[in-house]
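Examination of the molecular architecture
Below, each chain spelled out in residue letters.
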Amino acid sequence: MFGAAHRFSLGRFDILVVKDGIEGRTPLHAFVVSIPAELARQTVYMLGGLTVIDTPDRRILIDAGNPPWKRGRTHVASTVLGRLGVAPESVDRVLITHGDLDHVGGLLTSNGRLSYPNARLTMHRALWRSWQRPTGQRANARPGSNPPDGLTDLLQGRVDCFEEEQEVLPEIHALPLPGHRVGHTGFRIVSGGETLFHIGDAAFDPIFLERPSLANDRDTNPAVAAETRACLVKRAIAERALVVGSHFRLPATGRLVPAPHGARWVSVGHPAADPGPQ
Ligand SMILES: [Zn+2]
């Protein structure tokens, strides 16, 4: 499955979860050092991508996917979105979960221009601040977590920031989810009585929601990320929210229901649009 998508509606919004990677399993022990015996053979899927939200007034993206130069990946802006009828010029807002290259690399085209020329960006102030600093001085920086060269300059005057949970667009709230990277944030979308949590990389795979205390060593601060997940799971259950994760396998959406060990993930929906092979 290369560049497939899942389309569904949430209240007045039309939502499209787009994948830009090649589907493949990774052993859970690639992320978790101290793994419980019963999960020793567990595998997870790691697929990147972005989410398109069409509201009656505007077209919004959550993240921008991989950069055009990353081998083995589809550049969603120039390939998949075109086949799905989403013109880059039609996007007027990009909400950023965090600054890893597989989430923001797609903001640039292969010739260094902005992929979404008419879009303003919304991100956590701590992330935007860190992008203003020289590469070596960025908070929680990791290899691959720096913005592509030239991006910060191109974005001057186009970025709106938040620092805490707040409405950033009508019916869309930023939901800071600390632990993964500096300024890591999810988005809580409520429309027509339905609720969706886009949780970014708070969990790479639903197994991390079923077992929130499972420490993911790819998180900058695994202990804080585990605490964040525990709160997130409780809230998603309480609000009966639909949940989508940036790297979840399609349909990538599901609900959490209470279970003896904490929560159980129930997948919802099915891939409804496949733009075909690249
Ligand atoms: Zn990621």
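Here's what I pulled together on the structure shown here. Please read all numbers here as calculations on a predicted model, not as lab measurements.

1. Structural notes on the overall build of the protein
Looking only at helices and strands, the protein has 6 helices and 16 strands in total. Counting over 278 residues, the protein shows a buried share of 45%. When contacts within the protein are restricted to residue pairs at least 6 apart in sequence, long-range pairs at least 24 apart make up 64% of them.

2. Comments concerning the sheet that holds strand E13 (residues 194-198)
Pairing is mixed in the open sheet, where 7 strands are placed in the order E10-E11-E12-E13-E14-E15-E16. Two strands lie at the open edges of the sheet, namely strand E10 (166-169) and strand E16 (262-267), each paired on one side alone. Pairwise comparison of adjacent strand axes, ignoring direction, gives a mean angle of 35° for this sheet. Inspection of the sheet shows E10 paired to strand E11 (residues 172-176) by 3 bridges, in the antiparallel sense. Bridge pairing in E11 places glutamate 167 opposite histidine 173. Its contacts with the sheet place helix H6 (residues 222-238) against E13, strand E14 (242-244), strand E15 (253-259) and E16, and it is angled at close to 95° to E15.

3. Regarding the pairing of E13
Where strand E12 (residues 185-191) meets E13, 5 bridges bridge the pair, whose relative direction is antiparallel. Bridge pairing in E13 links isoleucine 189 to leucine 196. The turn linking E12 back onto E13 is made up of 2 residues, and glycine 192 within it adopts a positive phi angle of 55°. Bridge count for E13 against E14 is 3 bridges, and the pairing is parallel. By the bridge assignment for E14, phenylalanine 197 is matched with valine 243.

4. Here we look at helix H3 (residues 125-132)
Residues of H3 that are buried: Leu127, Ser130 and Trp131. All buried residues of H3 lie within an arc of 100° about the axis, which places them on one face of the element. Contacts from the buried residues of H3 go to strand E8 (120-124) and helix H4 (151-155).

5. A short note on H6
Taking 1.5 Å per residue as the helical rise, H6 with its 17 residues ought to reach 24 Å, and the 24 Å between its terminal C-alpha atoms agrees with that figure. Within the sequence span of H6, burial applies to Ala225, Thr228, Arg229, Leu232, Val233 and Ala236. Take H6 and look down its axis: the buried residues cluster within an arc of 140°, on one side only. Seen from the open side of H6, the exposed residues pointing more than 90 degrees away from its buried face are Ala223, Cys231 and Ala238. Contacts from the buried residues of H6 go to E13, helix H5 (207-210), E14, E15 and E16. At the exit of H6 stands arginine 240, carrying a positive phi of roughly 50°.

Quick notes on the rules
Residues numbered from 1 in each chain as written. Predicted model: local features only at pLDDT ≥ 70, side-chain atom pairs only at ≥ 80, totals over all residues. Helix = DSSP H or I, 4+ residues; strand = E, 2+ residues; numbered from the N terminus. Buried ≥ 20, exposed ≤ 12 C-beta atoms within 10 Å, placed from the backbone. Contact = placed C-beta atoms within 7 Å. Pairing = 2+ DSSP bridges. Axes fitted to C-alpha atoms, helices over the stretch in contact; angles between N-to-C directions. Arc of directions from axis to C-beta. Expected span 1.5 Å × (residues − 1).

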